[in-house]
Structures are given as structure tokens and as C-alpha cells.
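Summary of structural features
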Amino acid sequence: MSARMRTRHFTQAKAEGRRFSCLTSYDAPTAAIFDQAGIDLLLVGDSAANVVLGQASTLSITLDEMLSMSRAVAGATQRAFVVADLPFGTYESGPEQALATAVRFMKETGVAGVKLEGGVEMAPTISALVKAGIPVVAHIGYTPQSEHALGGHVVQGRGSAAESLRADALAVQTAGAFAVVLEMVPAALATQVTQELEIPTIGIGAGSGTDAQILVWTDAFGLGDSKAPRFVRRYAAIGEIMLEAAQVYRADVENGTFPDASESFEDHK
């Protein structure tokens, strides 16, 4: 296993024109698999509210829930750089609240950094965390925690809004974020922003011109019955495999073929 990924490795990858891979993870088993596969950055996303807890949006997930999942993911990895989302309501009041939340993640879970949503308005908060020694990934474009204010799941940065998105990107870089997620941004704009920034861009629904890509793993590998967003490529059908396996197991139990003699214990040693 290679040495642990650090922020400098992502900076170096950007400078050398090497793309890197990111996925979400919410538990130890998937984290260990993705780590073994060589995924560079694992995000304990607040998307867990949707794909783990079955909620309609990311807004409902609690700090304690995120801390628990982050501890599991960080503890199961040896190489990947693990980042945790700051959940809604735990950082918006300002730098002091955000720092208190981020410190809990760093002290209690073993993650290497945190992610928060917002651009220009979050620059002072990002700066405070970075000054405290906490690596920060910024997140601009479509920001799920603001879905109601944004009018739903819609592409950001089109037309005249492009300049605002570019300003957000420059602001989070100046504040000290070591990378920035661009979500649901027109591909040409994402490419332009990537070329303008010194820090790496991580795209999700932002075309192929970013420095890295991230997907929600359950979308990418086909777990769950919800329709995946347009920008997702399905790499597996894990849900179908699990369904078939569960059906075979049920039939074996009902038919009395499980367990058999090899799966049972006898009186003698």
C-alpha cells in the first residue's frame, strides 16, 4: 500500500496535469475497498442522508451521524485522503461555529480535512479553518444544502451567472482551500475555471475538463432504485447482484437446503 495521500499530492497532480479520482464513502467496508482500489480521495458526504438514511435531502443529517460515519471511513483506510462534509446548520453562523464543528471532526474521527458549501460568502470561514491547520475543500456551483434557495436541482453558472461562479472559485482559492468541488456547472465554464485556478478542481456534473472527478458511489455502482443523475456513469449493478443473492438465500432457507451438513456442527470435535 502506498503512503497516505496529502494535500501536497493533489497540488502536485494539478501542476503535473495528472487527474485524480474521488468517491463518496459512508462505512468501513466500502472505504476499505475503495482504498484498496487506489481511489485518491474519499468524501464522507452529507449525501448519506439520501443514500444511507433514506431522507429526501441532505438537510436532515445530524452532526453526530456524520461523525460516526466519518470515524468508520477514516479508520478503514490506509492511503486515501478522507474528507468529511460539514452538515447543514453546523457552520453557517460564521467562522467560530465552523471551527468548533471542524475541530470535532479532526479530533474525533481521524479525517484529514473537511468540506463546506459556498463561495465568496464562505471565504472568511475557510480562512479561519485553514489558519487553524484544517485542510478545506470548498464546494461551489450547485450546492445541495441550498437546494431550496437555488430552486431545485438545476445547473449553475449559465449565462451571466458565470462571472459569479468564477468569483466564488477565486475567493475560495484566496481563502486557502486546497481544492474546490464544481457541481453541475457547464463543461466549458468548469474547464475555464480549472485553467484559471492554481488549486485542483473536482468535478461532478462539470464535464471532463476538471482536475478530478467525484461521484456518489451508490449512483456509480448501481445500488438503490433511484434514477441516477445524467452525469453519472454506471460502472456496476450491485443492487441487482444483491437482490438475486437475497432471493437465492430466501429460497434456500424456505427449501431447507441451507444450512447443510458442512455448515452445521456435530457433537464431537
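Residues numbered from 1 in each chain as written. Predicted model: local features only at pLDDT ≥ 70, side-chain atom pairs only at ≥ 80, totals over all residues. Heavy atoms only, no water.

Taking an unreviewed UniProt entry as the reference, the protein is identified by name as 3-methyl-2-oxobutanoate hydroxymethyltransferase belonging to Corynebacterium alimapuense. Per UniProt, the protein has the following entry under Sequence similarities (unreviewed entry): "Belongs to the PanB family." (UniProt positions renumbered as here; feature names shortened; annotations may be inferred.)

**Digging into a nonpolar patch on the surface**
Judged by side-chain polarity, Val51, Val52 and Leu53 come together as a nonpolar surface patch covering roughly 210 Å² of accessible area. Within the secondary structure, Leu53 is located in the loop between helix H3 (48–51) and helix H4 (63–75). Residue Leu53 is classed as partly exposed on the basis of its relative accessible area of 37%. (Patch = residues over 30% accessible without salt bridge, like charges linked within 9 Å, V, L, I, M, F, W, Y side chains within 5 Å. Areas by Shrake-Rupley, 256 points an atom, 1.4 Å probe, with all protein chains shown as cover. Salt bridge = Lys/Arg side-chain N within 4 Å of Asp/Glu carboxyl O. Helix = DSSP H or I, 4+ residues; strand = E, 2+ residues; numbered from the N terminus. Buried < 20%, exposed > 50% of the residue type's maximum accessible area, 1.4 Å probe, protein only.)

**Some remarks on the pairing of strand S6 (residues 179–183)**
Note on strand geometry: in a regular strand, side chains alternate between the two faces of the sheet. The element S6 is largely enclosed, with a buried count of 5 among its 5 residues. Burial along S6 is two-sided: Ala179, Val181 and Glu183 facing one way and Val180 and Leu182 facing the other are all buried. Relative to S6, strand S5 (residues 136–141) runs parallel, the two being bridged by 5 bridges. Bridge pairing in S6 links His139 to Val181. In terms of strand pairing, S6 meets strand S7 (residues 201–204) through 4 bridges, oriented parallel. Residue Val181 lies in a different strand from S7, and its bridge partner there is Ile202. (Pairing = 2+ DSSP bridges.)

**With respect to the UniProt feature "binding site: Mg(2+)" (unreviewed entry) in the protein**
Here the UniProt-annotated "binding site: Mg(2+)" (unreviewed entry) positions come out as Asp46, Asp85 and Glu117. Spanning 72 residues, the annotated positions come together in the fold, the maximum distance between their C-alpha atoms being 11.1 Å. Residue placement: Asp46 occurs in the loop between strand S2 (41–44) and H3. The class of Asp46 is buried, set by a relative accessible area of 4%. Sequence-distant contacts of Asp46, defined by excluding residues within four places in its chain, comprise Thr58, Ile61, Met66, Asp85, Glu117 and Gln145. Its location among the elements puts Asp85 in strand S3 (residues 81–85). In contact with Asp85, other than residues within four places in its own chain, are Leu43, Val44, Gly45, Asp46, Met66, Phe105 and Lys115. (Contact = heavy atoms within 4.5 Å.)

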